[in-house]
Amino acid sequence: MAQETDGNEVSTKFSTLNVNAVEFVPSFCTSSTSAPASTAVPATAAAATTSGGGSPTTANPAAPTVVPTSATSSAGSSSGGGGGLGGGGGGATTPTSTAATPTPPSSSAPTPMERDDDVVIKTPENNESEPLDSWDAEEDSILTPEDEEMELDDGEGDGDAALKLAKKKPPKLEESRSKKEHVNVVFIGHVDAGKSTIGGQIMSLTGMVDKRTLEKYEREAREKSRESWYLSWALDTNQEERDKGKTVEVGRAYFETEKKHFTILDAPGHKSFVPNMIGGAAQADLAVLVISARKGEFETGFDRGGQTREHAMLAKTAGVKHLVVLVNKMDDPTVNWDVARYNECKDKILPYLKKLGFNPLKDLTFMPVSGITGQGLREPIDASTCPWYQGPAFIPFIDELPSLNRKTDGPFIMPIVDKYKDMGTVLMGKVESGVAKKGTCLLVMPNRTQVAVDQLWSDDEEVTSVGPGENVKIKVKGIEEEDVSPGFVLCDASNPIKTGKIFDAQVVILEHKSIICAGYSAVMHIHCAAEEITVKALICLVDKKTGDKSKTRPRFVKQDQVAIMRIECSGLICLEQFKLFPQMGRFTLRDENKTIAIGKVLKVVE
């Protein structure tokens, strides 16, 4: 009986020791490595037998961790009565001795099971051992190495995730930039040919204008007895244009197909607004020449004085890659999808377009359409309506055109078409080369003002970067709106565009009644700029067929001649050699509301 009491006392003291060890030496719990239960029993017993008294505590510091009851009682009995362990005061001296004694490294690594239950290893032999205090058990469960590792992992994971999110934010915005190829389509042609109506119809068919808006336009147009104009109101947005039925400014809109993103530039057809039309054509990659098949209308547009010829020529000069001729109003009662009328219009205009340099096999296409009904624009024309035309519809056709070669790796260049004030200065234009991102420092030429990019929009959608071919709005810091004029160029600060006042150019005189000699002045349109110029000197004539240059200086040039001349501008302009950068090196000369010549920059003199 005495033995049993002593055994319980020892057991109690050992469990007390365990609590103290965890409390005062937290590392005791996690770092100490206990021997497996089977080997622990004889070790404790042997230690108790050999040393006697209070020595078991110092002999094996790991022993308190493993407390099998049977082992303790046998240890007590074998040491010769309970006095050795119980009365020796081992329990009182334990904490200090344990703290002082270094833990010997275990030869065998603990199994996960043992690590979880560092304090008491539950084996079938020691199931009856005393349970730990509840807070101790909790502490143990909190401090298990696996849990610690998991906590660290979680923390690290969250930190990594946060870092990754922070890093990924700009690319996420980057994704908002349209990955589709951007193509700028300019609609040109004589006044009333149906350019704005076709543009509005395309927007309606591609879902860019909702049905309710179109119904509103139709209702308003009917009130003004202009019901056939309602589609054009999607592009002719100001009141003057709607009242007169004439486009004045270049209307802008966009639509998307599966492969490409198209920007519609609706150019004015009236001869008073040709300078605006040139600005639109300068931004275009693809031109759509709209001609009316209605009796009398085609002839008015194509004869001398009509805009069909001039617009086609200006489009070629502006450098459009492909021309699509839409023969519109085929549903008109005077035409009624008549193949003879379609061929008549085509045969009359084709020789002129060939003369301009368009190749019917490569970069010229004719199509019959009806703008008001939308036939031939998105879906092929019904065979019952027009059995003689088997070709594709307009939108699928332009979607399948080959991709354009863009200069993405060059310096950033964007001629400024327009500007306005909106919590800063917003500049509009088409990116000709290079890429600009939010925060980039750019230069406004020719007045050399440094600006920083604040915000970017590509066709009204905010993006983080813009590339070549895109029609964009760029909000900049560092310049006032009144200090910018259309024709200025936003460019790379490290590689600015050339500026000059005097340059040599090769000029083709298209249509001019009198002769041109030194001292002649006209208005030059180059990219988006319009500048007054004077012919300083005529250098030589160029033979159209052979390209040979004359040895003597000509005293004058006349219609249909090609000459190299030195030209002086009234102010400083941005320009580039045609062979280096065609978009910034081609120009047209206009005088008395007529386009009289086209030319290309050969050399910037000063």
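Structure first, text after, so check above.
Residues numbered from 1 in each chain as written. Predicted model: local features only at pLDDT ≥ 70, side-chain atom pairs only at ≥ 80, totals over all residues. Heavy atoms only, no water.

If you tally the helices and strands in the protein, you get 18 helices and 21 strands. Per-residue burial for the protein yields a buried fraction of 47% across its 606 residues. In the protein, 73% of the contacts between residues at least 6 apart in sequence involve partners at least 24 apart. Carbon and sulfur atoms provide 53% of the accessible area of the protein, an area that totals close to 29300 Å². (Helix = DSSP H or I, 4+ residues; strand = E, 2+ residues; numbered from the N terminus. Buried < 20%, exposed > 50% of the residue type's maximum accessible area, 1.4 Å probe, protein only. Contact = heavy atoms within 4.5 Å. Areas by Shrake-Rupley, 256 points an atom, 1.4 Å probe, with all protein chains shown as cover.)

For the structure shown, the criterion picks out 6 aromatic pairs. Ring geometry for F255 against F262: centres 5.1 Å apart, planes inclined by 15 degrees, an arrangement best described as stacked. Neither residue differs from the other here; F255 and F262 are each classed as buried. On the basis of an interplanar angle of 75 degrees and a centroid distance of 5.9 Å, the ring pair of F503 and F587 is categorised as edge-to-face. Placement of the pair is F503 in strand β16 (residues 499-509) and F587 in strand β20 (residues 586-591), with a sequence separation of 84 residues. Take F503 and F587: they sit in the same class, and that class is buried. Site record: aromatic cluster; members linked through ring pairs are F298, F302 and Y352. We note R309 situated over the ring of Y352; from NZ or CZ to the ring centre the distance is 5.0 Å. (Phe/Tyr/Trp six-rings, centres within 6.5 Å; stacked < 30°, edge-to-face > 60°. Lys NZ or Arg CZ within 6 Å of the ring centre and 35° of its normal.)

Residue placement: P396 occurs in helix α18 (residues 394-399). Judged by its relative accessible area of 36%, P396 falls in the partly exposed class. Along the backbone, P396 and T257 are 139 residues apart, and their C-alpha atoms lie at a distance of 8.3 Å. The contact partners of P396, leaving out residues within four places of it in the chain, are L377 and R378.

What follows concerns the packing of helix α16 (residues 307-318) against helix α17 (residues 339-356). In contact at an axis separation of 10 Å, α16 and α17 are set at 30 degrees when each is read in the N-to-C sense. Judged on the interaxial angle alone, α17 and α16 are roughly parallel. As for how α16 packs across α17, the hand of that crossing is right-handed. Residues T308, R309, E310, A312, M313 and K316 of α16 pack against I349, Y352, L353 and L356 of α17. Split into classes, the residues belonging to the contact of α16 with α17 amount to 6 nonpolar, 1 polar and 3 charged. (Axes fitted to C-alpha atoms, helices over the stretch in contact; angles between N-to-C directions. Parallel < 35°, antiparallel > 145°, perpendicular 65-115°, else oblique. Left-handed = near helix turned anticlockwise from the far one by under 90°. Nonpolar A, V, L, I, M, F, W, Y, C, P; charged D, E, K, R; others polar.)

The next point concerns the nonpolar core. With 72 residues, the main nonpolar core has F187, I202, L289, V324, L353, F394 and I398 as its most contacted residues. Each residue touching I398, except ones within four places of it in the same chain, is listed here: F255, K260, F262, L286 and V324. (Core = buried A, V, L, I, M, F, W, Y, C linked by side-chain atoms within 4.5 Å.)

Our focus in this paragraph is the sheet that holds strand β3 (residues 260-266). Strand pairing in a sheet relies on backbone hydrogen bonds, with the paired strands running either antiparallel or parallel. Overall, mixed pairing links the 6 strands, which are arranged β2-β3-β1-β4-β5-β6 in an open sheet. Strands with a single pairing partner mark the edges of an open sheet, and in this sheet they are β2 (251-256) and β6 (364-368). Neighbouring strand axes in the sheet, compared pairwise and without regard to direction, differ in orientation by 25 degrees on average. One ladder, built from 6 bridges, connects β2 with β3; its direction is antiparallel. Within β3, the residue paired with Y254 across the bridge is T263. Set on the sheet, helix α11 (residues 195-205) makes contact with β1 (181-188), β2, β3, β4 (286-292) and β5 (322-328); between it and β3 the angle comes to about 150 degrees. Running at roughly 170 degrees to β4, α16 makes contact with β1 and β4 of the sheet. (Pairing = 2+ DSSP bridges.)

A word on the pairing of strand β14 (residues 471-477). Most of β14 sits inside the fold, with 5 of its 7 residues counted as buried. Relative to β14, strand β8 (residues 425-430) runs antiparallel, the two being bridged by 6 bridges. From the neighbouring strand, L427 faces β14, where its bridge partner is I474. The sheet contact formed by strand β11 (residues 449-458) and β14 spans 6 bridges and is antiparallel. Looking at the pairing, S458 lines up with V472 of β14.

Let us now look at α11. For α11, a buried count of 9 out of 11 residues is recorded, marking the element as mostly surrounded by other parts of the structure. Within α11, the full set of buried residues consists of K195, S196, T197, I198, G199, G200, Q201, I202 and M203. Along its buried surface, α11 packs onto β1, β2, β3, β4, β5 and α18.

Around the barrel, which closes on itself, the 6 strands sit in the order β16-β19-β18-β17-β20-β21 with antiparallel pairing between neighbours. Averaged over all adjacent pairs, the angle separating strand axes in this sheet is 45 degrees, with direction ignored. Pairing between strand β18 (residues 529-542) and strand β19 (residues 562-574): 8 bridges, direction antiparallel. Across the sheet, L541 pairs through a bridge with A563, a residue of β19. Helix α14 (residues 274-281) contacts β17 (521-526) and β20 of the sheet and is inclined by roughly 175 degrees relative to β20.

Let us now look at the environment of V248. In this fold, V248 is placed in the loop between α13 (239-244) and β2. In this structure the C-alpha to C-alpha distance between V248 and V274, which are 26 residues apart in sequence, comes to 9.3 Å.

The subject of this paragraph is unusual backbone geometry. A cis geometry characterises the amide bond from M445 onward to P446, with omega recorded as 10 degrees. Assignment of secondary structure puts P446 in the loop between β10 (441-445) and β11. Positive phi, close to 50 degrees, is recorded for E592, a residue that is not glycine. Along the polypeptide, E592 turns up in the loop between β20 and β21 (594-604).

With that out of the way, let us pick up the environment of H261. Within the secondary structure layout, H261 lies in strand β3. Remark: the alpha-carbon pair of H261 and E181, spanning 80 residues in sequence, is separated by 5.9 Å. At 2.6 Å, the side chain of H261 and the side chain of D459 are in polar contact. (Polar contact = N/O pair within 3.5 Å; in protein donor to acceptor, adjacent residues only side chain to side chain.)

On to the pattern of salt bridges. Evaluation of the coordinates by the stated rule reveals 18 salt bridges. Across the pair K180 and E256 runs a salt bridge, and its minimum N-O distance is 3.3 Å. Here K180 is found in the loop between α10 (145-174) and β1, whereas its partner E256 is found in strand β2, with 76 residues between them in sequence. Overall, K180 belongs to the partly exposed group, its relative accessible area being 27%. (Salt bridge = Lys/Arg side-chain N within 4 Å of Asp/Glu carboxyl O.)

All quantities given are derived from atomic positions and should not be read as evidence of function.
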